[in-house]
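Take a look at the letters that make up each chain.
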Amino acid sequence: MKRKHLLSVALMSILGSGLMAGCGNSEASAEEAIVLRYAYASNSQPVIDSMKEFGRLIEEKTDGEVVVEYFPDGQLGGETELIELTQTGGIDFTKVSGSALESFSKDYSIFGVPYIFDSEEHFYAVMEDPEIMEGIYNSTADLGFVGLTYYDSGQRSFYMTDGPINTPEDLKGKKIRVMQSETAIKMVELLGGSPVPMGSGEVYTSLQSNLIDSAENNEFVLYTAGHGGVAKYYSYDAHTRVPDVVIMNDSVKERLNEDQYKAVLEAAKESTEYEKSVFKEAVEKEKEIAVAEYGIVFNEVDIAPFQAAVQPLHEIFKNNETYSELYQMIRAHAEEE
């Protein structure tokens, strides 16, 4: 209760200070338009652009009757706090990692299973299969929010301060930052490392002070987040491809008429297509800048030993009564590729 009270105080403080960055045009005044609030933590530029595209499309599709105002860069807290604010209606939308949703719905833990996706095409096929995703998105409905759409956040690999990773042996004894996800913790343990769960905002200083030796994420942590200044070795073991998920407070539907709500749903899907169109190019630019600015060393690895080491996680999900059907549905798409 105390934590939620503090979050509410922070929200009201920012609302009162006028720090909101709106994307609506000047023709639609705040009194005339329905204002939906969207908060997010630090993100790569293609994801930020896609979230803004979502708001632009809503305004366009509703002729300015609905506008979106943004609270960027963690103004209202990290991902867990933002989920809680969406849950309570303090904000209407946020975008978080699927792993951050594990503590709210166990269904999202399936995305943390290493190597559950064989390729990018396999990932897209799963994420765009309503038979799979509608159940996952709606698994939090009783908590006051639902999933709306996804964004590609790329593959996650390990990056180190003191040398490249070529085999799981190179992870043994290493302190490795992971997201606050039971699946990620188990993955690192199976690979021989020592998992250290922590928020993304703590990673740079922890690497710099040798509190941790390594972390795992996509390439945008190297230059955009600055981690390449202290960890110069990025190894493509590509263990997971966890989606970003846009979530929405349930009350949004009650505040909008049928056409306005339809516009929100359409804008969400179109923003996903926009993000897919710009993400790959942005990754390549990030890599180029990371090499030029920090001298980052990228290396490819044979993923077979990594896949073998984490196979027990696959067995857990495949044989678990709760996850077995979902696991089989995801793997079935691999056979279609």
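Refer to the structure above for everything that follows.
The sections below set out a description of the structure shown in this document.

Here is what the cut-offs are and how they apply
Residues numbered from 1 in each chain as written. Predicted model: local features only at pLDDT ≥ 70, side-chain atom pairs only at ≥ 80, totals over all residues. Heavy atoms only, no water. Buried < 20%, exposed > 50% of the residue type's maximum accessible area, 1.4 Å probe, protein only. Helix = DSSP H or I, 4+ residues; strand = E, 2+ residues; numbered from the N terminus. Pairing = 2+ DSSP bridges. Axes fitted to C-alpha atoms, helices over the stretch in contact; angles between N-to-C directions. Parallel < 35°, antiparallel > 145°, perpendicular 65-115°, else oblique. Left-handed = near helix turned anticlockwise from the far one by under 90°. Contact = heavy atoms within 4.5 Å. Expected span 1.5 Å × (residues − 1). Core = buried A, V, L, I, M, F, W, Y, C linked by side-chain atoms within 4.5 Å.

**A look at the pairing of strand β3 (residues 66–71)**
Most of β3 is tucked away: five of the six residues are buried. Sheet topology places strand β2 (residues 34–40) next to β3; six bridges connect them, and they run parallel. Bridge pairing in β3 places L36 opposite V68.

**Thoughts on the packing of helix α2 (residues 45–61) against helix α9 (residues 258–294)**
α9 packs onto α2 with a crossing angle of 150 degrees between their chain directions and a minimal axis gap of 8 Å. The pairing of α2 with α9 is recorded here as roughly antiparallel in orientation. Remark: the crossing between α2 and α9 carries right-handed chirality. Contacts between α2 and α9 involve P46, V47, D49, S50, E53, F54, L57, I58 and K61 from the former and A263, V264, E266, A267, A268, E270, S271, Y274, E275, V278, F279 and A282 from the latter.

**What to know about α2**
The terminal C-alpha atoms of α2 lie 24 Å apart, and with 17 residues this matches the ideal 24 Å at 1.5 Å per residue to within 8%. All buried positions along α2 are accounted for by P46, V47, I48, S50, M51, E53, F54, G55, L57, I58 and E59. In this fold, the buried residues of α2 make contact with β2, β3, β4 (93–97), β5 (145–151), β11 (244–249) and α9. Downstream of α2 by a residue or two, D63 has a phi angle that is positive, lying close to 55 degrees.

**Observations concerning the nonpolar core**
Counting residues in each nonpolar core, the largest one holds 44 residues, and the members touching the most others are I83, L101, I110, F111, F158 and I330. Of all hydrophobic cores here, the second largest spans 24 residues; its members include Y40, V68, V146 and A267.

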